[in-house]
Structures are given as structure tokens and as C-alpha cells.
There are 2 protein chains.
Amino acid sequence: MFLLFLILYFGNFGIIYFTLKGKKQCFLLLRQQQFTVQTILCLSETVSQQMIKFASNLNRESLLDVTGIVMAAPQKITGCTQEDVELSVTKIFCVSQAIPRLPLLIEDAMRSGAELDEEGPQGKAGQETRLDNRIIDLRTPTNQAIFRVEAAVCKLFRDILTEKGFVEIHTPKIISAASEGGANVFKVSYFKGSAYLAQSPQLYKQMALCADFDKVFTIGAVFRAENANTHRHLTEFVGMDLEMTFKEHYHEVIEEITDTFVSIFKGLQENLSEEIATVYKQFPAEPFKFTQPSLILNYAEGVAMLKEDGITMGDEDDLSTVNEKRLGKLVREKYDTDFYVLDKYPLAVRPFYTMPSVTEPGYSNSYDMFMRGEEILSGAQRIHDPDLLTERALHHKIDLTKIKSYIDSFRYGSPPHGGGGIGMERVVMLYLGLNNIRKTSMFPRDPKRITP
Amino acid sequence: MFLLFLILYFGNFGIIYFTLKGKKQCFLLLRQQQFTVQTILCLSETVSQQMIKFASNLNRESLLDVTGIVMAAPQKITGCTQEDVELSVTKIFCVSQAIPRLPLLIEDAMRSGAELDEEGPQGKAGQETRLDNRIIDLRTPTNQAIFRVEAAVCKLFRDILTEKGFVEIHTPKIISAASEGGANVFKVSYFKGSAYLAQSPQLYKQMALCADFDKVFTIGAVFRAENANTHRHLTEFVGMDLEMTFKEHYHEVIEEITDTFVSIFKGLQENLSEEIATVYKQFPAEPFKFTQPSLILNYAEGVAMLKEDGITMGDEDDLSTVNEKRLGKLVREKYDTDFYVLDKYPLAVRPFYTMPSVTEPGYSNSYDMFMRGEEILSGAQRIHDPDLLTERALHHKIDLTKIKSYIDSFRYGSPPHGGGGIGMERVVMLYLGLNNIRKTSMFPRDPKRITP
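Residues numbered from 1 in each chain as written. Chains lettered and ligands numbered in written order. Predicted model: local features only at pLDDT ≥ 70, side-chain atom pairs only at ≥ 80, totals over all residues. Heavy atoms only, no water.

Chain A goes by Aspartate--tRNA ligase, cytoplasmic in an unreviewed UniProt entry, where it is assigned to Oopsacas minuta. Listed in UniProt under the heading Subcellular location (unreviewed entry), the comment for chain A reads: "Cytoplasm". Taken directly from UniProt, the Catalytic activity (unreviewed entry) text for chain A runs: "tRNA(Asp) + L-aspartate + ATP = L-aspartyl-tRNA(Asp) + AMP + diphosphate". (UniProt positions renumbered as here; feature names shortened; annotations may be inferred.)

### Let's talk about the overall build of chain A
When helices and strands are tallied, chain A shows 14 helices and 17 strands. Seen through its principal axes, chain A has C-alpha atoms that stretch 85 × 60 × 45 Å. Counting all 452 residues of chain A, 60% fall into the buried class. Long-range contacts, defined here as pairs at least 24 residues apart, represent 68% of the contacts in chain A between residues at least 6 apart. Working note: accessible area of chain A is about 18,500 Å², and carbon and sulfur atoms make up 53% of it. Taking the average place of the 50 positive charges on the side chains of chain A and the average place of its 58 negative ones, the gap between the two points comes to 8 Å. (Helix = DSSP H or I, 4+ residues; strand = E, 2+ residues; numbered from the N terminus. Buried < 20%, exposed > 50% of the residue type's maximum accessible area, 1.4 Å probe, protein only. Contact = heavy atoms within 4.5 Å. Areas by Shrake-Rupley, 256 points an atom, 1.4 Å probe, with all protein chains shown as cover. Lys, Arg positive; Asp, Glu negative; His and termini not counted. Charge placed at Lys NZ, Arg CZ, Asp CG, Glu CD.)

### Topic: the sheet that holds strand 11 (residues 215-223) of chain A
Each strand in a sheet pairs with another by means of backbone hydrogen bonds, the pair being arranged parallel or else antiparallel. Residues and elements named next belong to chain A. Across the sheet, eight strands lie side by side as 7-11-12-17-16-15-14-13; this open sheet has mixed pairing. Strands at the two margins of the open sheet, each flanked by one partner only, are strand 7 (167-168) and strand 13 (295-298). Alignment of strand 14 (residues 339-343) against strand 15 (residues 366-371), held across five bridges, turns out to be antiparallel. When the bridges of strand 15 are listed, aspartate 343 appears paired with tyrosine 367. Sitting on the sheet, helix 7 (residues 202-210) touches strand 11, strand 12 (236-245), strand 16 (374-382) and strand 17 (417-423), and the angle it makes with strand 12 is about 25 degrees. (Pairing = 2+ DSSP bridges. Axes fitted to C-alpha atoms, helices over the stretch in contact; angles between N-to-C directions.)

### Some words on the pattern of salt bridges
Enumeration over the complete set of coordinates arrives at 60 salt bridges over all chains. Its salt-bridge partner being glutamate 286 of chain A, residue arginine 332 of chain A comes within 3.7 Å of it at the nearest N-O pair. Taken together, the residues span a long stretch of sequence, with arginine 332 of chain A in helix 11 (residues 321-335) and glutamate 286 of chain A in the loop between helix 9 (273-282) and strand 13 at a distance of 46 residues. Several salt bridges share partner residues, and in doing so they unite Lys155 and Asp159 of chain A together with Lys155 and Asp159 of chain B into one network. (Salt bridge = Lys/Arg side-chain N within 4 Å of Asp/Glu carboxyl O.)

### Quick look at the relation of the copies chain B and chain A
Mapping chain B onto chain A is achieved by rotating through 180 degrees and translating by 0.0 Å along the same axis, at an RMSD of 0.0 Å. Accordingly, the operation relating the two chain copies is best matched by a two-fold axis. Relative to the rotation axis, the C-alpha of valine 188 of chain B is the closest in chain B, positioned 2.2 Å from it. (Least-squares fit on C-alpha atoms with pLDDT ≥ 70 in both.)

### Concerning the packing of helix 10 (residues 299-308) of chain A against helix 11 of chain A
All names here are of chain A. Relative orientation of the contacting elements helix 10 and helix 11 amounts to 90 degrees, with a least axis distance of 10 Å. Judged by the angle between their axes, helix 10 and helix 11 are roughly perpendicular. Of helix 11, the residues touching helix 10 (which contributes Gly302, Met305 and Leu306) are Asn323, Arg326, Leu327, Leu330, Val331, Lys334 and Tyr335. Here the residues of the contact of helix 10 with helix 11 are counted per class, giving six nonpolar, two polar and two charged. (Parallel < 35°, antiparallel > 145°, perpendicular 65-115°, else oblique. Nonpolar A, V, L, I, M, F, W, Y, C, P; charged D, E, K, R; others polar.)

### Remarks on empty space enclosed by the protein
Per the counting criterion, the structure on display carries 12 cavities of 30 Å³ or more. The computed volume of the largest cavity comes to approximately 270 Å³. Forming the boundary of the largest cavity are 27 residues, of which Ala221 and Val238 of chain A together with His170, Thr171 and Lys173 of chain B lie nearest the centre. Counting residues per element, the ones that place at least two in the lining of the largest cavity are strand 11, strand 12 and helix 14 (424-431) of chain A together with strand 11 (215-223) and strand 12 (236-245) of chain B. Among the residues forming the lining of the largest cavity, the class breakdown is 11 nonpolar, nine polar and seven charged. (1 Å grid on protein atoms, 1.4 Å probe; cavity = no way out; pocket = protein on both sides within 12 Å on 5 of 7 lines; lining within 4 Å. Points joined across faces, edges and corners; volume = space filled by probe spheres on them.)

### Notes on the sheet that holds strand 12 of chain B
All names here are of chain B. Taken in spatial order, the eight strands of this open sheet run 7-11-12-17-16-15-14-13, and their pairing is mixed. Since the sheet does not close on itself, it has two edges, and those belong to strand 7 (167-168) and strand 13 (295-298), each with one partner. Together, strand 11, strand 12, strand 16 (374-382) and strand 17 (417-423) form the strand contacts of helix 7 (residues 202-210), whose direction differs from that of strand 12 by roughly 25 degrees. Lying over the sheet, helix 10 (residues 299-308) contacts strand 13 and strand 14 (339-343), oriented at roughly 80 degrees with respect to strand 13.

### A word on the pairing of strand 10 (residues 193-197) of chain B
All names here are of chain B. Relative to strand 10, strand 8 (residues 174-175) runs antiparallel, the two being bridged by two bridges. Its bridge partner being in strand 10, isoleucine 174 is matched across the sheet by leucine 197. As judged from the four bridges shared by strand 9 (residues 187-190) and strand 10, these two strands associate in the antiparallel manner. The partner of valine 188 across the bridge, within strand 10, is alanine 195. Here strand 9 folds back onto strand 10 in antiparallel fashion, the turn holding two residues, of which phenylalanine 191 has a positive phi close to 50 degrees.

### What about the packing of aromatic side chains?
Here the structure, examined in full by the defined rule, presents 38 aromatic pairs over all chains. An angle of 40 degrees between the planes, with centres 5.0 Å apart, marks the rings of phenylalanine 261 of chain A and phenylalanine 339 of chain A as tilted. With phenylalanine 261 of chain A in helix 8 (residues 251-271) and phenylalanine 339 of chain A in strand 14, the pair connects residues that are 78 residues apart, well separated along the chain. Measuring from ring centre to ring centre gives 5.3 Å for tyrosine 340 of chain B and phenylalanine 370 of chain B, while their planes differ by 20 degrees; the resulting arrangement is stacked. Linking tyrosine 340 of chain B in strand 14 with phenylalanine 370 of chain B in strand 15 (residues 366-371), this pair joins segments that are 30 residues apart in sequence. The same class applies to tyrosine 340 of chain B as to phenylalanine 370 of chain B, namely buried. (Phe/Tyr/Trp six-rings, centres within 6.5 Å; stacked < 30°, edge-to-face > 60°.)

### Let's talk about the interface of chain B and chain A
Note: interface size is frequently given as the accessible area lost on complex formation between the parts. The interface of chain B with chain A comprises 89 residues on the first partner and 88 residues on the second. Sorting the residues of chain B by area buried against chain A places Phe191, Asp212 and Tyr412 of chain B first, and these three jointly supply 11% of that buried surface. Applying the counting criterion to the chain B and chain A interface returns four salt bridges. Here arginine 158 of chain A and glutamate 168 of chain B are joined by a salt bridge, their closest N and O atoms 2.8 Å apart. Along the contact surface separating chain B from chain A lie 32 residue pairs in polar contact (both at pLDDT 80 or more). (Buried area = accessible area lost by both parts, 1.4 Å probe. Polar contact = N/O pair within 3.5 Å; in protein donor to acceptor, adjacent residues only side chain to side chain.)

### Thoughts on the state of the cysteines
If you walk through the whole model with that rule in mind, you get zero disulfides over all chains. Here cysteine 94 of chain A is not cross-linked by a disulfide; its sulfur's nearest cysteine counterpart is in cysteine 26 of chain A, at 13 Å. (Disulfide = S-S within 2.5 Å.)

### Thoughts on the environment of glutamate 83 of chain B
All names here are of chain B. By secondary structure assignment, the location of glutamate 83 is in the loop between strand 5 (63-72) and strand 6 (85-96). Its relative accessible area of 34% is what places glutamate 83 among the partly exposed residues. When the C-alpha positions of glutamate 83 and glutamine 206 are compared, they lie 54 Å apart, and in sequence the two are 123 residues distant. With sequence-adjacent residues up to four places away left out, glutamate 83 is seen in contact with Ala73, Gln75, Lys76 and Ile77.

### A few points about the environment of glycine 113 of chain B
All names here are of chain B. Inspection of the secondary structure assignment puts glycine 113 in helix 3 (residues 113-117). On the basis of relative accessibility, which here comes to 13%, the residue glycine 113 falls in the buried class. Each C-alpha atom of the pair glycine 113 and lysine 281 lies 9.1 Å from the other, and the pair is 168 residues apart in sequence. Apart from the residues within four sequence positions on either side, glycine 113 is in contact with Gln282 and Phe283.

### A few points about the environment of serine 194 of chain B
Along the chain, the position of serine 194 of chain B falls in strand 10. A relative accessible area of 35% means that serine 194 of chain B is categorised as partly exposed. Along the sequence, serine 194 of chain B and methionine 369 of chain B sit 175 residues apart, while their C-alpha atoms lie 35 Å from each other. The residues touching serine 194 of chain B, leaving out its near neighbours within four places in the chain, are Ile450 of chain A together with Lys187 and Val188 of chain B.

This is how it looks when you write it as C-alpha cells:
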């Protein structure tokens, strides 16, 4: 017994149903998750004329419960994932009838990448329509594949880190004060007072390390009240965060993180090749390239590569999104990798809690990581000395009274530590070479969308 | 090389340091996560008088980097987890000095359960003080153990469900309308408008099933704006949610969930017996009992047991917290289990989307699950027929315009399904027999606490 969605009467996308030989038989194309199978009802002792008529009148996307005999197909069936067999139906039951006029057709949601994003007469399956009707949109084989890749990314992240001795923690989303200065933070009414939604679990990860948890990770919602309507920003996304103590050098942290990424990439290649191929079929992209060990470039080297390529920028300027993309291309040409680390950012462009470099004044022990030229992780060694932290906060003109409890966290014995925060939807988007983060968030949130 | 926290100079809890034989040697008791080791500095070629003096002047809870030789202890060391060895120090480096007057002492946070919750002169390590100074509090072996048990619960939940074919999804916390009528929901300022924090991922889990994901789970923050200051309520907690389609009967869902719980309980027994023993040492409790298969009682049977025990209540009244506890005791006496399911709740006490029972009018296909007499899961078969859903919403006098998109979700072909939501912190609290949910939330949130 199966539960399958009726895609259409076989053989004709445009016509609602299609039977052959004076209605003595009827073909149905049925779908279950990523798989499709051809089904046939033939007039016989068990299959009546009425049954064929009933089947012919079912609406597309209705959910059917079908019993039948699996039979070798007389010839290879094209257009189905099950090419060698068909199902000869003996019983058919409609579990749930779909309405006749669907607000979105699966075949529209399945058009190739270029067609899909076009406006105009084809535009009925444009991104907004698809997201408005996400339940139907998510039924495409591509979406079934994307969210299985996403589940695998999280599973790999957790399994790899658990194996390395990290402990999973859960950090609060409701916080009493805006963690990083107060910009871009959502305010919440909290009984008679108010609170904020956490922009990152960073402080709590750090507190867990100060509480001797040594290495921690957490996966959870993070919130950014940025009015940024771009292909890569969401107001709510899933953060894959990790933080760890180290013994000698913050590069121990970089090594642990890059090693985790490489294991994730390998795990996806090994276990999800079918799903990845399914996505590429609708949205063609070059397979994701990475090296082992991962490429680590100093920020200064990155800037030099850009300058050599004709970009004008100061040595300690921050990278624009455009320049990040460009550097990604240059790195791919030179080093043949879509994943790399940019290390030792200028101190001036990083948050106050970033550890300054001792050996290279003006720079810091901080890094970003990139996939296909877009940032997917930002991280650093954090200052664990309360006096230095105070000094840096004052330098950034931060009101010390607002971060007193943060600074006090380091007064009870605290280890040197570093970590980073990873945007889950970005990792999936860039690994698969997709062009919009809304494709990798099941129910995306942006400044203009909080439904469905 | 190790990073260890200095607990105290060995042999004397009350005095800050303690050296022997005219300062020719000094003992340190060091801690790393759940483990403690005795360390000795002896005047020698490598250990100078100054070194001993330096070590003697370190503040408790300072973080040390120690190099030394592991040696068999001349006699069993009591009061350390490492009883058979001690560490003879050759190098000692203070990574981070703690302030001399700590706001909370570890030995106060480690008092036995009864002492700990007492007020009065001992009260300085009462719950509020401990939570105010959570970084220090979390360093106790008990807390190190509790949060490792918690991490294991999540890991087991995910691994077991993944094995069963469930797909992990992520659901938005920011939603446009209060999902269940509007009470107890936090309001968020959202750019120029407003939004709410999700009280549960239920609608999104259901949508994922309607989108043919078949079986899904999600672990994430859920928010309840209830002004409930009890031992078992938090305003933000971690929900372990699952939802699945079924073929014949909603008991397939109950079976899948109870099977998952039993596997979690077994996994904890097998892999975390040391951590569990550590918790029981500070907070004595009877080991958690369960049966396999799990006990499923009908609601009516539960009510009958209570009535027989002298409770006065109507057959279709909801269970009060006190009666739930009492029923838990009766069930334990009769069936020798701390875990059971109460099935077929009266329809009137459940939300509008609960599937009514066809065979037993007045009842519903819904269930709660209990650990040590407290509810840890609430679940049901949900109505997947838009007409019945409309009828039930009208019966509950719910404004149909506010739930239109929810009802529309079921118009495109939708499978029969059910599921439930589990309070993670409650599961850990009740499995370990703890008396307050704040003990199993790393940074708890309640109506009066949103720090640290």
C-alpha cells in the first residue's frame, strides 16, 4: 500500500486526463517524494469501467492510496524515475482530493533555472508565487532534494563535531540587551518590559567555554533586523555555531573548522550525490571544488591579488561584497578551490571583542571563510582578558555599563578561545550553486515576507 | 599539557591555601570538566621555592596550564575522581587569574539537594544566586553531567528519527499571526509592522507533510508568554517536535513516538551512566523506570483510576497538574513504569484542529505522554480535511479569516497525519528526577529572568 500524489494523466501535460482505447484503460503518473512511477488501470475482473472513470476524474495533486502489482515495463518508461517497472492497479482510493484549480502547477515550479526567474507570461511560477504557495512548490523533486541536502549538512556538522569532543548546547534567543551595540536587532514585548532577539549565540557560547565546556556547538535560529533585500540576506536564519578553547595558537580553531567543512563536503558527495544531481538538473551549476588541507590566505595576500587585478583599495579597507566575489574567482583560477579561508583581517574592521594580532600590529586574529566567493563564516579569537576587553571597548566608544556582565564573564578564570558562526542556508545555497537564499530556507523570512 | 581550573589547595576546603613541611611542597586540587586530580609541587631541581610560593598564591578557579609527571598515588586519593594517580608538576603557568572574591563558590553550588534549596545562612548558593552566576555554577560536576545528558537526549532523538526515515526541517520563529488564537504569544516589532514569536512549529511541520516530506522532526526554540512562575514552565524552551503521516490508524504515530522514547531512555542508560550517577550524587532520585512496549492507557481508564483513589472529577474534565502527578503515582504502583501514554482525551479539552474520534463520540484521537507524572509531550492526529477543520473552528468560535491560510494548506491533497511536541528541558529534568526546570536549561528564561 502506498500514498502517492497524482501528478497527471500520463502522456500529456496540457490535458487534464487522457485515456486510451475507448476508456478500457487509463494511465496515471504518480509521485512519492523524489520518485515517480507510471500506473495503469486496465478493464478486467478487478478493475471496472466505473473505476477507470473515477480515476480519470481525479484532480491533479490529489493524494491516492493505491494497491497494485509491480510489473516489468514492456519498454523503458521515459519521464519517470522508475523506468523499468509500472504498477498495475487493483485498488485505488482517493485519500484527499486537491482543488481543481491549483494556485501553482508543479511543472511550472520545475522549469529550468533561467525560465523560472523570468518575468512575463511564464512569470506565474516566479519566486514570489512559488513562495506564496510553498506547500506545492516544495513538492518538486528539486526541493525534496534541497531540503534533504540541508538536513544532511546539519547532521554532518553535528556528527563531526560530536566526534571531535564538542558538546551541543542550547542558547537563549530572548536576551535582555542588544549584544553588539543595538543596531539591527528586533525588539520584543516581554511582559511589562521589553527584550531583544539574539543576533548570534556568541556570548553564550563564550560563557559555556568559561564554564569549562571546552568545545561547544549549537544550531538554532538567529535574527537580524537588517532591511537588506538581497539574494543572500534573511531576517531569520539558522546559525551553525561553534566555539572552542585552544592551547597554543588560534590556528587550532581554524584547523578544526576547515576540517569540519571538508568532512561535510565529502559527506555530501558520498551520501547525497543523487539529490545533488537532481538539483543540478533544474539549476545547472559546476560541482563544488575544495582542497585538503584547505587554502588559508592572509587578508593582505587577498588584497594584493585584488590590486594586481586592477582593484583600487586600501590595505586595511574592508572587502565589499563585489570584491569578495571577485577574489573568489581569482582564488579559484589560481588555487582551483571554491572554499578558502581569509585570515588576519585588519583590526579596525572587526568587532571590539576580536583579539588583536601581537605579531602584526593593525591586524587581528580573525578570519572569514568563503564558498564560491561568498562569506559563509565569520570568526575570530575572542579577547578573554577583561582588562584588554575593556580597553578595546573604550577604543570603540562602547558604553561600558551596557557590557559589564559580558566583561565580568572573564573574571573567574577564562580560557583562550575562538570560534565562528556559519549561515546554514548560505552553505547549502553555495554548495549547490543556487542563486538565492530563499531557495534553501523552507519558509524564508525577509523584510517583506513573514508568511507562510 | 593540560588546561585545568584550580579548585583549591588540597586538604582544606575552608582555607585558601595550604602547604606542608615549611613550604617545601604544596598540593593543588585541579579540575577539568567532570574530572579532578591531585597535583603536587615538590621543591627540587625543576621546582623552585618561588614556584611553590607562586602556586600558593593563586586564586581559586584560576585557569592553569600544567606540565608534570603522572605518578601512582602512594595511597588511594579520596575526594578526587582520579583516585589512583597524582600529577607531579614540573611547570605551571597561570593562563587566567580569577578574582580573589568569587560571587559563588563551587562547593556551595555542590551542596546536596536539600541544603542547596534551603534559605538562610546557607542561602548564598540558592537558585537565584546560582543562576546569576551561571558561569561558575555550570562548572560543578553535576552541571557538567546534566548538560551532557541533555546533548545526548537531542542526539538520540535525531539519530533514532533519522534512522526511521524522518527528515530534519527548520521552521521560522517569527510568524505573522498568533498560531493558536493569540493568547500567550510574544509580540515583535518587525520593521514598520509587527510579528509574533511562534509558540510551536506545528503549522510548519504540518505544511512540510502536506509538501510530501512524509515524516519530519525539528529541534528549536519555542516561546510561551505565560506568566507562570512554576518549577516546570519557561518562557523560552527547546521543543523537540515530530510529525508524520500514517496509513491506517493514528496509533502508528503513538508507536513511533513511544519507540523513540524507549530508545532514548536505553541510550542514556547505556552511554551516560556515569553522568547520571554524578547527578544522583548531588540530587538523589530513584532511577527512571520504563517498560517495553510502553504502557498506553485510555483517558477514561486514567479518570477511573483517580476516581477509585477518591478524586472527584467529571469524565470529560481536563486533568489538573495535581491529578496528573497523582495518576503518575498510581500508574507507577500498578504498572511499575515512570513513562506512559494517556490516549483519547475528551475532544472538548483539546485544540480545534484535533481529530475527533469516530468510534467514541466526545473523545478525540489525541494523547499526552508523561514522565514521573508530569506531561512531557502533547500530541494528536490533526484534522487534514478542510471542511471538517472549518466546522471545528466554527464550533470553537474561531475567526475563520485569521486561519484561512492554515485551512487552505489542506486543499492541495493532504495526508492523514499526527505528531507531537516534546519539552526537551522537561525530559531531562524528569529523567534525572530533578525538581526544577531551571536546572536543565543552561540559561533559563522565565517571566522574571532574561539574564544572563
